[in-house]
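# Structure at a glance
So you can see what is in the structure, the chains are spelled out below.
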Amino acid sequence: ICFNYRPKKDNTYPIMLRLTKSGKRKYVSLGVSVKEENWDFKKNIPKRSCPDRDIILSIIEKRIAEYREQINAYMIEHKDYTLENLVQRTESSMRNMTVGSYLDLFISQLTEENRLGYAESFKGLKSSLLLYCKSLDIKFSAIDNQWLKGYELHLKKGGKSKNTIGIRFRSLRALYNKAIADEVVKKEYYPFDTFRVSQYHEQTKKRAIKRFYISKRIINLDLRTITNYRSPYLDLGRDLFVFSYLTCGINLADMARIRYADVFNERLQYHRKKTNKLITCKLQEPALNIIEKYRKENALPEDYIFPILDRKVHKTETQIRDKVRKANKAANKALHKIEDKLGLPIELTTYVARHSFATVLKHSGVSTSIISESLGHSSEKVTQIYLDSFDN
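The shown structure was predicted, so the numbers you read here are calculated from the model rather than taken from an experiment.

### Description of the sheet that holds strand β7 (residues 278–282)
Taken in spatial order, the three strands line up as β5-β6-β7 in an open sheet, and their pairing is antiparallel. In this open sheet, the two strands that pair with only one neighbour each are β5 (263–264) and β7. Pairing analysis gives two bridges linking β5 to strand β6 (residues 267–271), with the strands arranged antiparallel. By the bridge assignment, Val 263 is partnered in β6 with Leu 268.

### A closer look at the pattern of salt bridges
Summed over the entire model, instances satisfying the criterion amount to 16 salt bridges. Between Glu 77 and Lys 79 there is a salt bridge; the shortest N-O distance is 3.6 Å. Within this structure, Asp 235, Asp 239 and Lys 293 form a network of salt bridges that share partners.

### Digging into the nonpolar core
Core analysis: the largest hydrophobic core is formed by 54 residues, its most contacted members being Phe 241, Phe 243, Phe 306 and Leu 348. When residues no more than four places from it in sequence are discounted, the contact partners of Phe 243 are Ile 250, Met 255, Ile 258, Leu 268, Leu 283, Ala 287, Ile 290, Ile 291 and Phe 306. Counting residues in each nonpolar core, the second largest holds 53 residues, with Val 32, Ile 107, Ala 179 and Val 184 among its members.

### Remarks on the side chain of Arg 53
Secondary-structure assignment places Arg 53 in helix α1 (residues 53–76). The buried charged residue Arg 53 lacks any salt bridge partner; its closest oppositely charged side chain belongs to Asp 54, at an N-O distance of 4.4 Å. For Arg 53, the side chain forms a polar contact with the main-chain oxygen of Lys 47, separated by 3.3 Å. Leave out the neighbours within four places in its chain, and Arg 53 touches Ile 45, Pro 46, Lys 47 and Arg 48.

### Digging into the packing of aromatic side chains
Per the counting criterion, the structure on display carries 19 aromatic pairs. Geometrically, the ring pair formed by Tyr 74 and Tyr 81 is stacked, given 4.6 Å between the ring centres and 15° between the ring planes. Overall, Tyr 81 belongs to the buried group, its relative accessible area being 15%. Between Phe 169 and Phe 195 the ring centres are 4.8 Å apart and the planes differ by 35°, which places this aromatic pair in the tilted class. Of this pair, Phe 169 sits in helix α6 (residues 162–181) while Phe 195 sits in the loop between α6 and α7 (211–218), and the two are 26 residues apart along the sequence. An aromatic cluster is defined as three or more aromatic residues linked by ring pairs; in this entry it consists of Tyr 102, Phe 140, Tyr 176, Tyr 190 and Phe 192. Of note, Lys 21 hangs over the ring of Tyr 81, and the distance from its end group to the ring centre comes to 4.7 Å.

### Some thoughts on helix α12 (residues 350–363)
Taking 1.5 Å per residue as the helical rise, α12 with its 14 residues ought to reach 20 Å, and the 21 Å between its terminal C-alpha atoms agrees with that figure. The element α12 is extensively covered by neighbouring structure, given that eleven of its 14 residues are classed as buried. For α12, the set of buried residues is Thr 350, Val 352, Ala 353, Arg 354, His 355, Ser 356, Phe 357, Ala 358, Thr 359, Val 360 and Leu 361. Downstream of α12 by a residue or two, Gly 365 has a phi angle that is positive, lying close to 85°.

### Comments concerning the confidence of the model for the protein
Residues at a pLDDT of 70 or more form 95% of the protein, whose mean pLDDT is 88. Averaged pLDDT values for the elements of the protein fall to 75 in helix α14 (residues 380–388) and rise to 95 in helix α10 (residues 285–293).

### Observations concerning the environment of Asp 54
Its place among the elements puts Asp 54 in helix α1. Taking the C-alpha atoms as reference points, Asp 54 and Ser 108, 54 residues apart in sequence, are found 9.8 Å from one another.

### Digging into the side chain of Thr 349
Tracing the backbone shows Thr 349 in the loop between α11 (317–342) and α12. Not counting residues within four places of it along the chain, the set of residues in contact with Thr 349 comprises Phe 241, Asn 332, Leu 335 and His 336.

### Overview of the pairing of strand β2 (residues 24–34)
Sheet analysis places strand β1 (residues 13–21) next to β2, joined by eight bridges and oriented antiparallel. The partner of Lys 21 across the bridge, within β2, is Lys 24. Hairpin connection, β1 to β2: the antiparallel pair is bridged by two residues, and Ser 22 has positive phi, about 55°.

### Some points on the environment of Val 32
Among the secondary structure elements, Val 32 is positioned in strand β2. Assessed through its relative accessible area of 3%, Val 32 is described here as buried. Separated by 285 residues in the primary sequence, Val 32 and Glu 317 have C-alpha atoms spaced 18 Å apart. Contacts of Val 32, omitting those with residues within four sequence positions, involve Tyr 13, Pro 14, Ile 15, Ile 59, Leu 105, Ser 108 and Gln 109.

What counts, and at which threshold
- Residues numbered from 1 in each chain as written.
- Predicted model: local features only at pLDDT ≥ 70, side-chain atom pairs only at ≥ 80, totals over all residues.
- Heavy atoms only, no water.
- Pairing = 2+ DSSP bridges.
- Helix = DSSP H or I, 4+ residues; strand = E, 2+ residues; numbered from the N terminus.
- Salt bridge = Lys/Arg side-chain N within 4 Å of Asp/Glu carboxyl O.
- Core = buried A, V, L, I, M, F, W, Y, C linked by side-chain atoms within 4.5 Å.
- Buried < 20%, exposed > 50% of the residue type's maximum accessible area, 1.4 Å probe, protein only.
- Contact = heavy atoms within 4.5 Å.
- Lys, Arg positive; Asp, Glu negative; His and termini not counted.
- Polar contact = N/O pair within 3.5 Å; in protein donor to acceptor, adjacent residues only side chain to side chain.
- Phe/Tyr/Trp six-rings, centres within 6.5 Å; stacked < 30°, edge-to-face > 60°.
- Lys NZ or Arg CZ within 6 Å of the ring centre and 35° of its normal.
- Expected span 1.5 Å × (residues − 1).
- pLDDT = per-residue confidence, 0-100.

Here's what the structure looks like:
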């Protein structure tokens, strides 16, 4: 059943297995959750429109089969049992979950939480692992140092870059760590103490420019010197870049989602999509001018500020994500033209604004803790890794 009594923080409801015996009931979480509108309460299955419906159905069927198997074992042994006994015996077998079933479960959880980008990275890991070992019907304990070296050789023979290999191993390590936390595998089997993923860490190329280039050259550039015809994306690309730099390095995914309701008393306040951290900052005059430039006539508080998303059109997280990707590609194309015109020392993208903001703070002697809060990072450790990639 969908346990729609108490929503989670992401407004989804957990799918529970309801066990009934001798007039008593017990509920067991299946580790996945869905939005209320994606669940058929009459048939007690996810609707056809539900994201990852097949994976969720597979998880439900597998868990029901595991409980039925345990009940049959009790019957064959002519043993009576309580619901507590049944759950304890069945759930202990969950520790022997295969890599494939656990990976599917994790992808399903991420999708329901609308963490689509993160889910995509694990879908990529699954496809890569299947090419290597053909079947993921293996236990986590089978992944040892030798197995990892074989996977490494497979990726190298496939012509994968150092960066791609690093991404695959970091995803696999994250999956293994979560499996340990969920008690699917014991910590003693952890193979990444001897296999170093850090060998595939590539030094991030410089993606920041000095304040002078932004305040004196990018902002003051007459875009008519680049093209004879009016290019809306040249204007928008520069405005997105400048707005990001002036608002604590807000990234495009968050910038596209901000609404008029997020601006009050000349301050911007929003929750960062990646970490859900609340960010609030003072809006400087140039940033306020950019907001006014794109203000729609009769705009409502729930309307998006920038002409990227339309709340009447882009309703699902997938639609929003696809539109933001297209807008980012177009904005970066416009920024490359600005970069060429000004002869800038690095490739200009919307993300350079975020790096530049952080670099200016670092060079000004601002503490890591304040930079971390400004960027909305989950911890100072993340910020330190981030800053270490910048020039000395």
